[in-house]
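# Report on the structure
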There are 2 protein chains.
Amino acid sequence: VSLARIQSFSISLDGFGTGEGLSREEPFGHAGERLHQWMFATRWWHEMQGEPGGSRGIDDAFVRLHDVGVGAEIMGAGKFGYPGWHDDPDWQGWWGLEPPFHTPVFVLTHHTRPPLELEGGTTFHFVDAAPAEVLGMAREAANGQDVRIGGGPSMIREFLKAGLVDHMHAVVVPLLLGRGVRLWDGLEGLEDRYTIEATSSPSGVVHLSYGRTAT
Amino acid sequence: VSLARIQSFSISLDGFGTGEGLSREEPFGHAGERLHQWMFATRWWHEMQGEPGGSRGIDDAFVRLHDVGVGAEIMGAGKFGYPGWHDDPDWQGWWGLEPPFHTPVFVLTHHTRPPLELEGGTTFHFVDAAPAEVLGMAREAANGQDVRIGGGPSMIREFLKAGLVDHMHAVVVPLLLGRGVRLWDGLEGLEDRYTIEATSSPSGVVHLSYGRTAT
């Protein structure tokens, strides 16, 4: 079965998935990289940078699931670029010539453009469609593998609300951002449809695993 | 040293310390008792009810700290009674003739009344004062012991904002209430002043311990 999965999506203790004041210079606004420090400390991240060291353990274990069994990603317009990127025909995302996805990536946007094929197997498709519809496209592109729901917080919220998410791994970072985009708004009672596990890490973050309850 | 402590204050994953629609019949509104089920499952709670059973372990350990070393409590008007209790001269709180506090309790309210002495050592004092001021009164009454900051969420937020809390034990319950009174609002950057530990319990809740960082 091809699952729709969220992996390593970080939120603050007060539920913000990104900060306020997003820009080309500050992709996460006033949050900066504070929601992702736990990830940078893992061995997995160090390996990606070609550096020694990094933590083994629960953070590293979870973060390594990011790509395993994933055949496509869906991301929101706000993950692909800064506010206004669609007015910049040369914008190719944040990730340089070889993005770390290595699969088809479906970017949800009202401003569609032709597909963008970069190195290493990543092709961005720009689609203006409802969540269920784009999930269908991504499933087909994933060729039997899972589809990663990539964020940001607004699009994850929409996919959760539409009941399209099979598994969610969210990481609660113990800081209070106070402002930004909330993940949990409008999702009252979500727990009724999932089996939830919470596991604290010595690093200070808490890993939340939501698995859709069999019906 | 007499500390100002918060013990076993439960919040939902989306940060609500109580629900919406509080009334005499529904003290926590639409949240009901869902934020406190983890507590009812402990051996400590069972013992209080004179019942056998209950869990030993991390939830039980934390909940047993509720009274240890505490010489007074401060609570908000919303914890003492339902909205409008101050118009009812006979209202004596939710806890019957022998409330479980066994210390002086300072109720923050704009509608003061004479002290109410009940059985078992609990006396309610109704005061209209700023957080720092009432903390001074409670410290004096606590006679060298700690003061518990008892909630609800609005008064805890005020005490945190005023920098008056030395230790906070909060319990995150993995449900989304969606509405009610938020604990974390207006506390951006709180983590800078505290050392924070998060510990997950097999019951599904996460215990957060905030200790004021030595300066």
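Residues numbered from 1 in each chain as written. Chains lettered and ligands numbered in written order. Predicted model: local features only at pLDDT ≥ 70, side-chain atom pairs only at ≥ 80, totals over all residues. Heavy atoms only, no water.

If you tally the helices and strands in chain A, you get 6 helices and 11 strands. Each principal axis of the C-alpha atoms in chain A carries an extent, and together these give about 45 × 45 × 35 Å. The 215 residues of chain A split such that 50% are buried. Within chain A, contacts between residues separated by at least 24 positions form 64% of all contacts whose residues are at least 6 apart in sequence. Looking at chain A as shown, the accessible area adds up to about 9500 Å², and 53% of this sits on carbon and sulfur atoms. (Helix = DSSP H or I, 4+ residues; strand = E, 2+ residues; numbered from the N terminus. Buried < 20%, exposed > 50% of the residue type's maximum accessible area, 1.4 Å probe, protein only. Contact = heavy atoms within 4.5 Å. Areas by Shrake-Rupley, 256 points an atom, 1.4 Å probe, with all protein chains shown as cover.)

A ring pair, where both rings are aromatic, is described by two values, the distance of the centres and the angle of the planes. Tallying each qualifying case throughout the model produces 28 aromatic pairs over all chains. Pairing B:Phe80 with B:Trp85 gives two aromatic rings, centres 4.9 Å apart and planes at 70°, and the pair type is edge-to-face. B:Trp85 shares its class with B:Phe80; the two are buried. Where B:Phe80 meets B:Phe126, the ring centres are 5.2 Å apart and the plane angle is 80°; that geometry is what we call edge-to-face. Pair noted here: B:Phe80 is in helix H4 (residues 77–80) and B:Phe126 is in strand E6 (residues 123–127), with a separation of 46 residues, a long-range link. Counting every residue linked through ring pairs, the aromatic cluster contains A:Phe80, A:Trp85, A:Trp95, A:Phe101, A:Phe124 and A:Phe126. A:Arg113 extends its terminal NZ or CZ atom over the ring of A:Phe126, reaching a point 5.8 Å from the ring centre. (Phe/Tyr/Trp six-rings, centres within 6.5 Å; stacked < 30°, edge-to-face > 60°. Lys NZ or Arg CZ within 6 Å of the ring centre and 35° of its normal.)

Each neighbour pair has its own omega, and for A:Gly151 with A:Gly152 the value is 0°, a cis peptide bond. By the secondary structure assignment, A:Gly152 is in the loop between strand E7 (146–149) and helix H6 (153–161). A positive phi angle is found at B:Ser8, which is not glycine, with a value near 55°. Among the secondary structure elements, B:Ser8 is positioned in strand E1 (residues 4–12). By relative accessible area, B:Ser8 is classed as buried at 8%. Backbone geometry at B:His102 places phi at a positive 60°, although glycine is not the residue there. Note on placement: B:His102 falls in the loop between H4 and strand E4 (104–108). Of the residues examined, B:His102 reaches a relative accessible area of 42% and is grouped as partly exposed.

Let us now look at the confidence of the model for chain A. For chain A, per-residue confidence averages 97 on the pLDDT scale, and 100% of positions sit at 70 or higher. In the predicted assembly, ipTM is 0.88 and pTM is 0.93. (pLDDT = per-residue confidence, 0-100.)

A separate point is the relation of the copies chain A and chain B. When chain A is fitted to chain B, the residual RMSD is 0.0 Å, and the transformation amounts to a turn of 180° plus an axial shift of 0.0 Å. These values place the two chain copies in the arrangement generated by a two-fold rotation axis. For chain A, the smallest separation between a C-alpha atom and the rotation axis is recorded for A:Ser200, amounting to 2.6 Å. Comparing contact sets, 100% of the residues at the interface of chain A also lie at the interface in chain B, consistent with an isologous, same-surface contact. (Least-squares fit on C-alpha atoms with pLDDT ≥ 70 in both.)

What follows covers the pattern of salt bridges. Counted according to the given criterion, the structure contains 28 salt bridges over all chains. For A:Glu73, the salt bridge identified is with A:Lys79, shortest N-O distance 2.8 Å. Here B:Arg64 ties to B:Glu47 by a salt bridge, and the two come within 3.2 Å at their closest N and O atoms. Here B:Arg64 is found in the loop between helix H3 (58–63) and strand E3 (70–76), whereas its partner B:Glu47 is found in helix H2 (residues 43–48), with 17 residues between them in sequence. Residue classification places B:Arg64 among the partly exposed positions, given a relative accessible area of 27%. Assessed through its relative accessible area of 41%, B:Glu47 is described here as partly exposed. (Salt bridge = Lys/Arg side-chain N within 4 Å of Asp/Glu carboxyl O.)

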